[in-house]
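So you can see what is in the structure, the chains are spelled out below.
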Amino acid sequence: MIPKYQALLDKMAASDMPPDAQYRINVEKIARFRIAAAQENLDDPEKVEELCNCGQVEELVIQADNEMIVLDMYLRNRWWELVKPVEIEYNPEEEDGGHGDIEWGDAPEDPKK
């Protein structure tokens, strides 16, 4: 498990993906956490599973393999270049949360009736 997650970190470090690309940030955090969990609990796979909370150790290995496939696609297609910043309007001071007069508990009218 540890070598597979380290391979993800190494591949990202050797790539030209910017360090502030959100995909890179997320994958690095997950990989580092899982490596640390495994290193600190080498003789206790159940503890690793509990800490990672994403399945059995064997499934964590499969997830690392799958992430490597995604990472290869991400790097090949340079998808971080396609992500554009967006402005999000949010006003928690508004009583309805800024959603106009929509009441979330009501279902919309069925036009078929």
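Going by the structure above, here's the rest.
Described below are features of the structure shown in this document. (Residues numbered from 1 in each chain as written. Predicted model: local features only at pLDDT ≥ 70, side-chain atom pairs only at ≥ 80, totals over all residues. Heavy atoms only, no water.)

## Re the side chain of E28
Thought 1: Its place among the elements puts E28 in helix α2 (residues 22–40).
Thought 2: Beyond its immediate chain neighbours, meaning those up to four positions away, E28 contacts L9 and M12. (Helix = DSSP H or I, 4+ residues; strand = E, 2+ residues; numbered from the N terminus. Contact = heavy atoms within 4.5 Å.)

## Observations regarding unusual backbone geometry
Thought 1: Although it is not a glycine, N53 sits at a positive phi angle of roughly 55°.
Thought 2: Looking at the element boundaries, N53 is found in the loop between α3 (45–52) and α4 (57–77).
Thought 3: Here R78, not a glycine, exhibits a phi torsion of approximately 50°, which is positive.
Thought 4: Among the secondary structure elements, R78 is positioned in the segment after α4.
Thought 5: Looking at R78, the relative accessible area reads 29%, which means it is partly exposed. (Buried < 20%, exposed > 50% of the residue type's maximum accessible area, 1.4 Å probe, protein only.)

## Description of the packing of aromatic side chains
Thought 1: Applying the stated criterion across every chain, the model contains three aromatic pairs.
Thought 2: With a centroid separation of 5.8 Å and 85° between ring planes, the pair formed by Y74 and W79 is classed as edge-to-face.
Thought 3: Through pairs of rings, three or more aromatic residues link up here, namely Y23, Y74, W79 and W80. (Phe/Tyr/Trp six-rings, centres within 6.5 Å; stacked < 30°, edge-to-face > 60°.)

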